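# Structure assessment
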Amino acid sequence: MDKKRFPRNKIQWIWDNIEGLRGLLIVAMLGTVLYNAMQLTVPYFSQKIVDRFLTGDAAATAYESDKHGFYSLVNAMIGITLLRALIVYLDCMAYEHVSQRALYRIRNHLFAKIEHQDMHFYNEYRTGDLMTRLTGDLDAVRHNIAWVIRMIIECFALFTAVSIYFFSMNVKMALCILALAPVIFIIVFTFRRKVKPMHQLLREKHSQMNTAAQENISGNRVVKAFSREDYEIEKFDKINRDYRDTNKKTRLVWVKFFPFVETCANLLPVVLLWVGSTLLMKDEMTMGEFVAFSGLMWAIANPMRLLGNILNEFQRFSAAADKIMEIYYSEPAIVDPEDAIDHPERFEGKVEFQNVSFRYEDADLPVLSGISFVAEPGETVAIMGETGCGKTSLIQLIPRFYEPSSGKVLVDGMDVSKLKLKLLRTSIGMATQDVLLYSDTIDGNIAYGDTNITKENVIKVARVSAADEFISKMPEGYDTIVGERGVGLSGGQKQRISLARALAVRPSILILDDTTSAVDMETEKLIQEHLSELDFPCTKIIIAQRISTTKKADKILILQDGRISESGTHEELIKKNGYYAELVRLQTGEEVIA
Ligand code: GTP
Ligand code: MG
């Protein structure tokens, strides 16, 4: 995504996210300036002690005649050192507090953003990549607030304060020492240019590694089934090695620059000795000043040495922040329209498709073309058709998971794109083709859509779904915890829990996508009977492969290559002697006569 599309730059973005803590951050920054400025006091007092008590003509008698003055200076040095330690401690705590709060806030915001995204987003982003954004990338942001900002201020404050102090002591000496500064700036800017793309690459490799691990862990059953552990381990090793090498290469960029910086830093004492001794000899500098210069030389050299590290960390933050802000400022395409219709009453459940065509954003050809049908309230409409013909795509248009490319989908005569999304979706009970259960109790899974549902009603919907029997036989019944994605349950059991979950919300529209495909014929028949006797009005749209499931439907739609090729009741379709009649022949072995 183009960076320019972000409404705020990275600094503004952090600023936005520390609302309520901005004062504290500013105080912390001032604290950093203060404790660094305080570093100068020790050499200042040393200079005073050297000049008054250790060198000069009066040095021999100075201590005896002014003991009080001597100890005042020493005590001041100790006092200031202790005070400085306290300020550093409080300062670090403040940065930590601000960064952790910002991290918490951004993470919650990011999670909410991800939650509200539409299907297209989930098709585009890999889980491992999103996880990287929520973990590693966010930590880089926290580290930036807690450490990088502090270090930049520390280096800058130290460098500026020492420069001012140097100039106030001896302009010539100060000029000679600071003459090296421009060289450092050139080195640093060149380094920044080189290391920036490396951090972007590194971030990508990190995400690839997380994705590989995540996909392997969640898909481990397939790995086991094909005995591909060694292959996967080798594949992961390659990705891991790639990540390690990129990491090493990124670190090595600084190694190329380091000798130059180190040479500059090491030249500082040489310049001091050389220029200093000349000035001392010429009496243009006191010994105390020389000691102060010498004692503060680290305050110029250290920021130089730290620059590489700071820039590295800043670029890491920059690459991570780009990735986070991409999600942070993303907006789902499918949202409530401004004047979204809120419909206080229960929907009657009429579903209508008016000449609907649909194409996935990333596909060239449409999957659905000219689909028109009506499911009257309370009716059962069955959708059949060979695999890949567009059945799942069709039903996904009802809860507005996708928008039709043309035509309209209506519920109770209202265009679904005009309805409040939450209202629309809570009125629909859906059992998806790929059943996903949470690692929670069976009860928790069934009650997912309506947490206020009573235990009695959970059992009731489980009965309708022919699930009560097997659930009751489980060691802890409805309190049995099912593993991630429903591990521990059979395919048919999962499907029945998924059906119970869809029914638990007492939907106006029930959509079942191949929900009984893994259930035996006998049980399926039972479920069909139960579904026709629900104690609440409900329109049912059922995708199925078996004639036994669809036979009693008020309407059967046959989908072929994204078009409705046949529609009517079981009897009508048999008369047509088309695809459906052929299906009946195949499944029942009976010769049907048109
Ligand atoms: P079965 O569930 O196997 O019976 O098929 P189906 O009739 O439910 O087909 P579905 O609606 O899932 O898919 C119809 C066509 O759309 C297929 O050719 C898929 O390859 C394609 N398709 C499904 N999902 C996506 C998607 O997210 N993106 C793109 N580009 N194509 C998709
Ligand atoms: Mg499907």
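A quick note: this is a predicted structure, and the numbers were derived from the prediction, not measured.

Let's shift gears to the site of ligand 1. Not every one of the 15 residues close to ligand 1 is listed here, only the nearest: T387, K391, T392, S393 and Q433. N123 is positioned such that a nitrogen or oxygen atom in its side chain is 3.0 Å from an oxygen atom of ligand 1. Separating an oxygen atom of ligand 1 from a side-chain N or O atom of T392 is a distance of 2.6 Å. For ligand 1, whose free accessible area comes to 650 Å², the fraction covered by protein is 66%. Counting residues per element, the shell around ligand 1 draws most heavily on helix α13 (residues 391-395), which supplies three residues. A per-class count over the shell around ligand 1 returns five nonpolar, eight polar and two charged.

Right, let's get into the sheet that holds strand β2 (residues 368-375). The four strands are arranged β2-β1-β4-β5 in an open sheet whose pairing can be described as antiparallel. Whereas interior strands pair on both sides, the edge strands pair on one side only; in this sheet they are β2 and β5 (414-415). Inspection of the sheet shows strand β4 (residues 406-411) paired to β5 by two bridges, in the antiparallel sense. Paired with V411 across the bridge in β5 is M414.

This next bit is on the domain arrangement of the protein chain. Taken as a whole, the protein chain is organised into domain 1 (3-328) and domain 2 (351-588). A C-alpha centroid distance of 56 Å is found between domain 1 and domain 2. The three residues of domain 1 that bury the most area against domain 2 are M119, H120 and R221, which together make up 74% of that side's buried surface. At the boundary of domain 1 and domain 2, one finds zero salt bridges.

What follows deals with the layout of surface pockets. Taken as a whole, the second largest pocket encloses approximately 610 Å³ of empty space. What lines the second largest pocket is a set of 25 residues, and nearest its centre among them are I547, S548, T549, K551 and K552. Among the secondary structure elements, those contributing two or more residues to the lining of the second largest pocket are α19 (521-531), β8 (539-543), α20 (547-550), α21 (570-576) and α22 (579-588). Tallying contributions element by element places α19 first for the lining of the second largest pocket, with seven residues. Residue composition of the lining of the second largest pocket, by class: eight nonpolar, eight polar and nine charged.

Summarising the element assignment, V74 is placed in helix α5 (residues 67-115). Expressed as a C-alpha distance, the spacing of V74 and V42, which sit 32 residues apart in the sequence, is 9.4 Å.

A few words on the coordination of the magnesium ion (ligand 2). Within the protein, the atoms that donate to the magnesium ion (ligand 2) are T392 (OG1) and Q433 (OE1), at distances of 1.9 to 2.2 Å. Residue T392 is located in helix α13, and its partner Q433 is located in the loop between β6 (428-431) and α15 (442-446); the two are separated by 41 residues in the primary sequence. For Q433, a relative accessible area of 44% corresponds to the partly exposed category.

About the thresholds
Residues numbered from 1 in each chain as written. Chains lettered and ligands numbered in written order. Predicted model: local features only at pLDDT ≥ 70, side-chain atom pairs only at ≥ 80, totals over all residues. Heavy atoms only, no water. Near = heavy atom within 4 Å. Polar contact = N/O pair within 3.5 Å; in protein donor to acceptor, adjacent residues only side chain to side chain. Areas by Shrake-Rupley, 256 points an atom, 1.4 Å probe, with all protein chains shown as cover. Helix = DSSP H or I, 4+ residues; strand = E, 2+ residues; numbered from the N terminus. Nonpolar A, V, L, I, M, F, W, Y, C, P; charged D, E, K, R; others polar. Pairing = 2+ DSSP bridges. Domains from an automatic or database assignment. Buried area = accessible area lost by both parts, 1.4 Å probe. Salt bridge = Lys/Arg side-chain N within 4 Å of Asp/Glu carboxyl O. 1 Å grid on protein atoms, 1.4 Å probe; cavity = no way out; pocket = protein on both sides within 12 Å on 5 of 7 lines; lining within 4 Å. Points joined across faces, edges and corners; volume = space filled by probe spheres on them. Donors = N, O, S within 2.8 Å, 3.2 Å for Na, K, Ca; no water. Buried < 20%, exposed > 50% of the residue type's maximum accessible area, 1.4 Å probe, protein only.

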